[in-house]
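Coordinate inspection notes
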Amino acid sequence: VQLQASGGGLVQAGGSLRLSCAASGSIFSTNVMAWYRQAPGKQRELVARITTGGTLKTYVASVKGRFTISRDSAKNTVYLQMNSLKPEDTAVYYCNRYPYVNEYWGQGTLVTVSS
C-alpha cells in the first residue's frame, strides 16, 4: 500500500499551497497521520503529525505558524495547508503514518518555492 500525495507545484515566496493525501480507511482511521519532506541533498524530515481524532497537532519548529495539518475522516484524507512559503520549504512532500511504515511511502509531491 502506498500513500499518494498531491497538490504540489511551483509557487513564489509568500504564496500558499494545499497538499492532500488519501488513504484507505484501515490506515487512516487507526493511525496518527503525518507529513514528511525531503529537500535536495538532505534527509527526510517530519513536518507535522495529527492524532486520529485530529485534536493534537505537532509541527517542526521551522513551519509553526505557517503550516496547518488537518484530516477529514469522511474522505480518509489528510491535508497540509502551507502559507507564507519560503524557498527553504522546497522539497518533495510525502504523507505516511507516524511513525512511518516503509511500505507506505509513495512518490510524494514536489513543492518548489521561488524567491
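Residues numbered from 1 in each chain as written. Predicted model: local features only at pLDDT ≥ 70, side-chain atom pairs only at ≥ 80, totals over all residues. Heavy atoms only, no water.

Once that is clear, we can look at the state of the cysteines. Scanning the model with the defined rule gives one disulfide in all. A disulfide bridge connects cysteine 21 with cysteine 95, and the sulfur atoms are separated by 1.7 Å. On the sign convention where negative means left-handed, the S-S torsion of about 40° between cysteine 21 and cysteine 95 marks this disulfide as right-handed. Of this pair, cysteine 21 sits in strand β3 (residues 17-22) while cysteine 95 sits in strand β9 (residues 91-97), placing them 74 residues apart in sequence. Side by side, cysteine 21 and cysteine 95 carry an identical accessibility label, which is buried. (Disulfide = S-S within 2.5 Å. Helix = DSSP H or I, 4+ residues; strand = E, 2+ residues; numbered from the N terminus. Buried < 20%, exposed > 50% of the residue type's maximum accessible area, 1.4 Å probe, protein only.)

What follows concerns the side chain of arginine 71. Relative to the elements of secondary structure, arginine 71 occurs in strand β7 (residues 67-72). Buried arginine 71, no salt bridge; nearest opposite-charge side chain is aspartate 72, N-O distance 8.8 Å. There is a polar contact of 3.3 Å between the side chain of arginine 71 and the backbone oxygen of isoleucine 50. A distance of 2.9 Å separates a polar side-chain atom of arginine 71 from the backbone oxygen of threonine 51. (Lys, Arg positive; Asp, Glu negative; His and termini not counted. Salt bridge = Lys/Arg side-chain N within 4 Å of Asp/Glu carboxyl O. Polar contact = N/O pair within 3.5 Å; in protein donor to acceptor, adjacent residues only side chain to side chain.)

Looking now at the sheet that holds strand β4 (residues 33-38). Strands sit in the order β2-β10-β9-β4-β5-β6 across an open sheet of six strands; the sheet is mixed. Since the sheet does not close on itself, it has two edges, and those belong to β2 (9-12) and β6 (57-59), each with one partner. The sheet shows a mean angle of 25° between the axes of neighbouring strands, taken without regard to direction. Bridge count between β4 and β9: six bridges; the pairing is antiparallel. From the neighbouring strand, methionine 33 faces β9, where its bridge partner is arginine 97. (Pairing = 2+ DSSP bridges. Axes fitted to C-alpha atoms, helices over the stretch in contact; angles between N-to-C directions.)

A word on the pattern of salt bridges. Following the criterion strictly, the structure yields three salt bridges and no others. A salt bridge links aspartate 89 to arginine 37; the shortest N-O distance between them is 3.0 Å. One end of the pair, aspartate 89, is in the loop between β8 (77-82) and β9; the other, arginine 37, is in strand β4, with 52 residues separating them in the sequence. Residue aspartate 89 is classed as buried on the basis of its relative accessible area, which comes to 1%. Linking arginine 66 and aspartate 89 is a salt bridge whose minimum nitrogen-to-oxygen distance equals 2.7 Å.

With that settled, consider the nonpolar core. Trp35, Val78, Leu80, Met82 and Tyr93 are the most contacted members of the largest nonpolar core, which totals 29 residues. When residues of this core are traced back to their parent elements, those giving at least two are β3, α1 (25-28), β4, β5 (45-50), β7, β8, β9 and β10 (109-114). (Core = buried A, V, L, I, M, F, W, Y, C linked by side-chain atoms within 4.5 Å.)

Our focus in this paragraph is the packing of aromatic side chains. Applying the stated criterion to the full structure yields four aromatic pairs. Ring centres of tyrosine 36 and tyrosine 100 lie 6.1 Å apart, and the angle between their planes is 85°; this geometry places the pair in the edge-to-face category. With tyrosine 36 in strand β4 and tyrosine 100 in the loop between β9 and β10, the pair connects residues that are 64 residues apart, well separated along the chain. For tyrosine 36, a relative accessible area of 5% translates into the label buried. (Phe/Tyr/Trp six-rings, centres within 6.5 Å; stacked < 30°, edge-to-face > 60°.)

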